[in-house]
Amino acid sequence: MSQRESLRRELLDIIASHKQGFASGSPQSQRIDQLIDELTPLSPHPNALDHPEIFRGHWKGDYYSMGRLVGGDGATNQGIGVTASLKVFSMGRLPDIPATFLGTGLEVDPPTGAYNFFSLYALGENKVPAYHFALASYQRRTEDLSKFFVEFIGFKVVPVDRSMPMSEFARSIGVDDPAALSAETTPRPKLWSRVVYMDDTVRIQLGQMGGHYVLSRTDRPLYSIEYWTNPAIKPPSMAAE
């Protein structure tokens, strides 16, 4: 087994059970940080933007250590299970209600430039299951082909239960006006995300605000796009596989 394969396997074994983020200070979280550093120079595709055939599609989040979010510091260095405000998770655009982060996927569509995040949250005091869409686009810049330069277009939350009217959903999570659950960003925030390691099925990226993320490629549809056009499509699971 090569050094890269050995490090990769160790990383995936640790994150299969360790989700808390770097703030936990555990030996596992510290080792994840070390493994990311050790894998970086071994990436088969150091210039990730040159390989749309690999980075396109749905990438399931396996490990998260969030950076300082644009909407506030409430989830910094945290992972699955952290509770902050929905406002924090939407760059200050959506209501200030409790939101527990349960997982996310990155969905990239090179033909359109879409770079969307499809996430699962428990919202409000009642912890209502909800999907959170962060809609964005990316640019390719030749000066650094390891970076996706991302422009955020808007945010929207909807109930997991698609039979629930938005008015009922809003009341259940403690929001008076359903229109407040969707917002465009003007001006549009612009951030970059650096892919420090990418092979055919694993992607490690570091965010501009200090986040660390490990994702695995899937063959799932782009739910953040298909949701609006095909009501019958099933959302990707957030569960580890």
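Refer to the structure printed above.
This write-up is about the structure you can find in this document.

Description of the side chain of Ser 119
Here Ser 119 is to be found in strand 4 (residues 114-123). When its relative accessible area of 5% is taken as the criterion, Ser 119 is described as buried. A distance of 2.5 Å separates polar atoms of two side chains, one belonging to Ser 119 and the other to Thr 104.

Some points on the pairing of strand 3 (residues 98-109)
Among the 12 residues that make up strand 3, 10 are buried, leaving the element largely enclosed by the rest of the structure. Bridge count for strand 1 (residues 57-65) against strand 3 is four bridges, and the pairing is antiparallel. In the strand pairing of strand 3, Trp 59 is matched with Leu 106. Here strand 2 (residues 83-85) pairs with strand 3 via three bridges, running antiparallel. Of the residues in strand 3, the one forming a bridge with Ser 85 is Pro 98. Pairing between strand 3 and strand 4: 10 bridges, direction antiparallel. What sits directly across from Phe 101, in strand 4, is Tyr 121. Hairpin connection between strand 3 and strand 4: a loop of four residues separates the two successive antiparallel strands, and Gly 113 in this loop has a positive phi of roughly 80°.

Details of helix 1 (residues 3-15)
Across its 13 residues, helix 1 extends 19 Å between first and last C-alpha, which sits within 8% of the 18 Å expected from 1.5 Å per residue. Among the residues making up helix 1, those that are buried are Leu 7, Leu 11, Ile 14 and Ile 15. Burial along helix 1 is one-sided: seen end-on, the buried residues are contained in an arc of 90°. Exposed and oriented more than 90 degrees from the buried face of helix 1 are Arg 9 and Asp 13.

Definitions and limits used
Residues numbered from 1 in each chain as written. Predicted model: local features only at pLDDT ≥ 70, side-chain atom pairs only at ≥ 80, totals over all residues. Heavy atoms only, no water. Helix = DSSP H or I, 4+ residues; strand = E, 2+ residues; numbered from the N terminus. Buried < 20%, exposed > 50% of the residue type's maximum accessible area, 1.4 Å probe, protein only. Polar contact = N/O pair within 3.5 Å; in protein donor to acceptor, adjacent residues only side chain to side chain. Pairing = 2+ DSSP bridges. Expected span 1.5 Å × (residues − 1). Arc of directions from axis to C-beta.

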